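Here's the letter readout for the chains.
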Amino acid sequence: VLGTGGTIAGTTSEDSRIAYTAGQLSVEALVGPLEVACAGISVTCEQVSNIPSQDVSDAFHARLLARVERAPRECRANALVITHGTDSLEETAFLLAAAAKLTVPVIITGAFRPATAAGSDGPGNLLDAIRTAAAATQFRPRVLVAFDAQLHEARFATKHESVGTRGFSSGPRGVAGHVVRGEVRWIRPVIVPHYEFLCATAEEIEHLPRVDILYAYPGMDGTLIDAAIAAGAAGLVVAGFGAGTFGNLLQEALERAVAAGLIVVRGTRVAFASVERNVEIDDDRAGFVVAGSLSPSKARVMLRLALRRSRDRARIQQWFDELRN
Ligand code: ASP
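## Section: the site of the ligand
Item 1. Around the ligand, the neighbouring residues are Gly6, Thr7, Tyr20, Pro52, Ser53, Gln54, Gly85, Thr86, Asp87 and Ala111.
Item 2. A distance of 2.9 Å separates a nitrogen atom of the ligand from a polar side-chain atom of glutamine 54.
Item 3. Classifying every residue of the shell around the ligand by side-chain character gives 3 nonpolar, 6 polar and 1 charged.

Here you go:
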């Protein structure tokens, strides 16, 4: 179990679920109380960091990717569990799924309530994650997100609310499986996309190009886009309206960005929508790439990895298309 911090390792000084500090307890302290429930499963713990996941950086991702690639051999582990804050968990899960050379399944989990709060969901989530990992012989290496007895594929897992404890969803794709009485029950076959073209080393992860996300709003002009160009961005992801649309002022600025050599990806503000090429906006003429069903946060991860390999729009669009279903 690789501990990285988050609310699952958080403590609160009062009986409150609101005021707390994330990343306080060690991963051993989280796993210790589960010893009886984990009987028969040999668990080794390692503290990679102890931070709230809003503080996750490229350096953090590089370190975690290196541990995910090396720990199985060094610790003779058949599977890995990662404890992580929920805020940027979907980026970490998607990055590992896309960029890491996985040799074992990886189950990522966290909690919406700190470890010391009444009704803390961390112990149950961690136990489910460990049990899912122990059932690793049932499936080949891939990254899954375990929350509230549900298993989500990294590609679809999205934090969609922060009230209550069922804050992760796979949207219309639905969950991949459940953990029931300690056993994994698959709901549907999981087709793991081929991510080979996105594989990156820890060193490369630490030096990925700058990509900014811009959130569209009515009347938005190009000020932020020009600022991103000036800041040296190699790419932009726009969280557009509906099917990835935006107004004329923004479109003009984005075309300026394309002319300046940036890769511009059209995404959407709408959770679980899909952005298709040449719908309402002439992508062929403007030189835009569309995100398909990837959320802006995952599209940003994908674009940064893709930019390492190519600056060719058609090629990058092909890679986005590979992950559309
Ligand atoms: N801010 C916390 C974090 O991401 C929230 C959580 O873990 O639920 O670390």
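## What about the sheet that holds strand β1 (residues 2–5)?
Item 1. In space, the 8 strands of this open sheet follow the order β2-β1-β3-β4-β5-β6-β9-β10, with mixed pairing throughout. The open sheet has two edge strands, β2 (46–51) and β10 (183–186), and neither has a second partner. Strand-to-strand, the axes of this sheet are offset by a mean angle of 25°, without reference to chain direction.
Item 2. As defined by bridge partners, strand β9 (residues 177–180) adjoins β10 across 4 bridges and the pair is classed as antiparallel. Looking at the pairing, glycine 177 lines up with tryptophan 186 of β10.

## Focus on the sheet that holds strand β14 (residues 289–290)
Item 1. A sheet is described by the order of its strands in space; here 4 strands give the open sequence β11-β12-β13-β14, paired in parallel fashion. The sheet is open, and its two edges are formed by β11 (211–215) and β14, each paired on a single side.
Item 2. Both strand β13 (residues 263–268) and β14 contribute to a ladder of 2 bridges, which runs parallel. Its bridge partner lying in β14, arginine 266 is registered against valine 290.
Item 3. Contacts between helix α7 (residues 248–259) and the sheet are confined to β12 (235–240) and β13, with β12 contributing the most and set at about 160° to the helix.

## Structural notes on the packing of aromatic side chains
Item 1. A full pass over the atoms with the stated rule returns 6 aromatic pairs.
Item 2. A ring pair is formed by phenylalanine 147 and phenylalanine 168, whose centres lie 4.6 Å apart and whose planes are at 25°; its orientation type is stacked. In this pair, phenylalanine 147 sits in strand β5 (residues 143–147) while phenylalanine 168 sits in strand β8 (residues 168–169), placing the two residues 21 residues apart along the sequence.
Item 3. A relative accessible area of 1% places phenylalanine 147 in the buried class.
Item 4. On the accessibility criterion, phenylalanine 168 (2% relative accessible area) is buried.

Quick notes on the rules
Residues numbered from 1 in each chain as written. Predicted model: local features only at pLDDT ≥ 70, side-chain atom pairs only at ≥ 80, totals over all residues. Heavy atoms only, no water. Near = heavy atom within 4 Å. Polar contact = N/O pair within 3.5 Å; in protein donor to acceptor, adjacent residues only side chain to side chain. Nonpolar A, V, L, I, M, F, W, Y, C, P; charged D, E, K, R; others polar. Pairing = 2+ DSSP bridges. Helix = DSSP H or I, 4+ residues; strand = E, 2+ residues; numbered from the N terminus. Axes fitted to C-alpha atoms, helices over the stretch in contact; angles between N-to-C directions. Contact = heavy atoms within 4.5 Å. Phe/Tyr/Trp six-rings, centres within 6.5 Å; stacked < 30°, edge-to-face > 60°. Buried < 20%, exposed > 50% of the residue type's maximum accessible area, 1.4 Å probe, protein only.

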